[in-house]
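# Reading the structure
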Amino acid sequence: MKLKNSLSPRLLANLYIAIDAVIANRLRSLLTALGIIFGVAAVIAMLAIGNGAQQEILNQIKLVGVNNIVIKPIIEQKDEKVNEKVGKKEKKKFSPGLTVRDVESIKETIPTLSQVSPEIILDTYVIRSGFRRSAKLVGVDPAYFKIYDFELSDGTLFNTRQQEIGSPVCIIGYALKSRFFPKENPIGKTIKVGTHWLTIIGVLKERSISQASISKLGIRDFNMDVYAPLQSVLIRYRNRDLITTEGIRLAAMRSQGNSNGNAQNTSAEAEQEKKNYHQLDRLVLQIDQTEKLQATAEIISRMLKRRHYEVVDYEIEIPELLLKQQQRTNDIFNYVLGAIAGISLLVGGIGIMNIMLASVLERIKEIGLRLAIGAKKSDVVQQFLFEAVMISISGGIIGVVLGVTFAFLVSSIANIPTIISFSSIVLSFGVAATVGLIFGIAPARRAAQQDPIASLRYE
């Protein structure tokens, strides 16, 4: 205890001398700290951008589901082969398209499945109390809500009976509830979706989706969708797997219109829908283990090719692997930024050491005088270490402010999500102080090794 009390006044005295020396050379101290300032600012901004990108990728993985394989139908095939001998095009092969039968076959064949969600997506409109709004009608099974981690704010999911008989029931998105039922509970009420009235049995919780995620992942705004049992959509709305009198009539009209050169003026989406022979618009398969995704996707691809009579009228995507590849790219980007920030801190430390060495030469007489009147070599070491650490800490504080400001500017101007964590501030600040301490040791030791008599004679 006595030793501690005897050392405290010396430490305080050395600290005060260091503070006076830094304040007396404010401009030089600021210029010395520039490397630390930009290094710390770069570390904080880099970590903020990296954390924001990481969080965005995690949110996108939640949107597309975990360990999913997505199968989408290709509506129009354009690949053609030419018979060189005859000079005629090879006849187009028949394919039944993506159907519910494919789903049953996949369930029976693939043991690694945990959830299977076939989807039918129709452009339609919603009408209630004189208001009409365009929307998507999505025919799904309850597995759809488990795969995408959807939660209900009110009501229940489809039961087995409703799925089997195709009951006229639906679950609506939160935005539709706010639009058509702003002040009342929609559960049990009916809403007209297309040409049929459906009873609302559930409302989804609101799910915020950025426009960037919608464009990157090719997903919809789930809050504006109407969800009905898959069987209900097949029975009451559209089943492309069935050949109906109406379908034959429309096909004949299109054929006649094309032969007479009087094709109807329809939108590109409507024309594409006419050519769509697939019963399902999307099939999502959830696998129990990530490492089995690629192998399972290859097996399913070969199986569908065989079922579709060698016609590849589908495409298979693994969104999670694509997003993880994007994450690896972001990690490489972060490593590069981290290396740049590290180099800035290293340069800043070298700058501190150079200036402190120059300061030793400038203050040799001062050092000799202190040693001559009774100061110990440890006091001189402490003084110069305090100066180096103070310069680096001051630069660290300014760098933290600049780094946080830069992160906010990037988020607002470039529309890039950034997340500033307290740990990144502590890390960068701690590194700055450590750099000052490490690079201040050599000048401090050199100052302490000066000969008092030679220092007093130094010109």
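For the structure, check the block above.
So, here's what we can say about the structure. (Residues numbered from 1 in each chain as written. Predicted model: local features only at pLDDT ≥ 70, side-chain atom pairs only at ≥ 80, totals over all residues. Heavy atoms only, no water.)

## Quick look at the overall build of the protein chain
Rules: Secondary structure elements follow DSSP: runs of H or I no shorter than four residues count as helices, runs of E no shorter than two count as strands, and numbering proceeds from the N terminus. Throughout, exposure labels follow a simple rule: accessible area from a 1.4 Å probe, protein chains only, divided by the maximum for the residue type, with under 20% read as buried, over 50% as exposed, and the rest as partly exposed. Note on contacts: a residue pair qualifies if any of its non-hydrogen atoms lie within 4.5 Å across the two residues. Reported accessibility uses the Shrake-Rupley method at a 1.4 Å probe radius. Residues are deemed covered only where the shown protein chains occlude them.
The number of helices and strands found in the protein chain is 17 helices and 10 strands. Taking all 459 residues of the protein chain together, 41% fall into the buried category. Sequence separation of at least 24 residues holds for 82% of the intrachain contacts in the protein chain that already meet a minimum separation of 6. For the protein chain, the computed accessible surface area is about 25,400 Å², with 58% contributed by carbon and sulfur atoms.

## Section: helix H4 (residues 100-109)
The following threshold applies: Directions are taken from the helix axis to each C-beta atom, and the arc is the one they span.
All of the buried residues along H4 are Asp102, Val103, Ser105 and Ile106. The arc that holds every buried residue of H4, seen down its axis, measures 165°, which confines them to one face.

## Thoughts on the environment of Asp241
The residue Asp241 is located in the loop between helix H9 (230-236) and helix H10 (245-259) in this model. Spatially, the C-alpha atoms of Asp241 and Gln279 are 5.2 Å apart, while their sequence positions differ by 38 residues. Asp241 has contacts with Pro96, Thr99, Arg101 and Gln279, leaving out every residue within four places of it along the chain.

## A short note on the packing of aromatic side chains
Basically, it comes down to this: A pair of aromatic rings is counted whenever rings of Phe, Tyr or Trp (Trp by its six-membered ring) have centres within 6.5 Å, and the orientation is called stacked for planes under 30 degrees apart, edge-to-face for over 60 and tilted otherwise.
Applying the stated rule across the entire model yields 9 aromatic pairs. On the basis of an interplanar angle of 55° and a centroid distance of 4.9 Å, the ring pair of Tyr144 and Tyr148 is categorised as tilted. Neither Tyr144 nor Tyr148 differs from the other in exposure class; each is buried. Summarising the aromatic geometry, the rings of Tyr148 and Phe150 are spaced 6.1 Å apart at their centres and angled 35° between planes, so their arrangement reads as tilted. Grouping residues by exposure puts Tyr148 and Phe150 together as buried.

## Some thoughts on the pairing of strand E7 (residues 196-204)
Put simply, the test is: Any two strands between which DSSP finds at least two bridges are classified as paired.
Of the pairings in the sheet, the one linking strand E4 (residues 152-155) to E7 comprises 3 bridges and is antiparallel in character. Counterpart to Leu152 in the pairing with E7 is Leu204. Here strand E5 (residues 169-172) pairs with E7 via 4 bridges, running parallel. Bridged to Ile171 within E7 is Gly202. Pairing between strand E6 (residues 190-193) and E7: 4 bridges, direction antiparallel. By the bridge assignment for E7, Ile191 is matched with Leu198. Taking the residues that link successive antiparallel strands as the turn, the E6-E7 hairpin has 2 residues, and the phi of Gly194 there is positive, at about 70°.

## Quick notes on the nonpolar core
For the record, the criterion: To define a nonpolar core, start from buried Ala, Val, Leu, Ile, Met, Phe, Trp, Tyr and Cys residues and group those joined through side-chain atoms within 4.5 Å.
Within the largest apolar cluster, 40 residues are counted, with the highest numbers of intra-cluster contacts made by Ile69, Ile71, Ile106 and Leu285. Sequence-distant contacts of Ile71, that is, excluding residues within four places in its chain, are made with Leu98, Ile106, Arg282, Leu283, Leu285, Ile300, Leu304, Tyr314, Glu315 and Ile316. Residues Ala33, Ile36, Ile391 and Val435 belong to the second largest nonpolar core, which totals 19 residues.

## A look at unusual backbone geometry
Trans peptide bonds make up most of the peptide bonds, and negative phi angles are found at most residues other than glycine. With phi around 60°, Tyr309 is a residue other than glycine that occupies positive phi space. Among the secondary structure elements, Tyr309 is positioned in the loop between helix H12 (293-307) and strand E10 (314-317). Judged by its relative accessible area of 52%, Tyr309 falls in the exposed class. Unusually for a residue other than glycine, Glu310 sits at a positive phi of about 65°. With respect to the helices, strands and loops of the structure, Glu310 is situated in the loop between H12 and E10.

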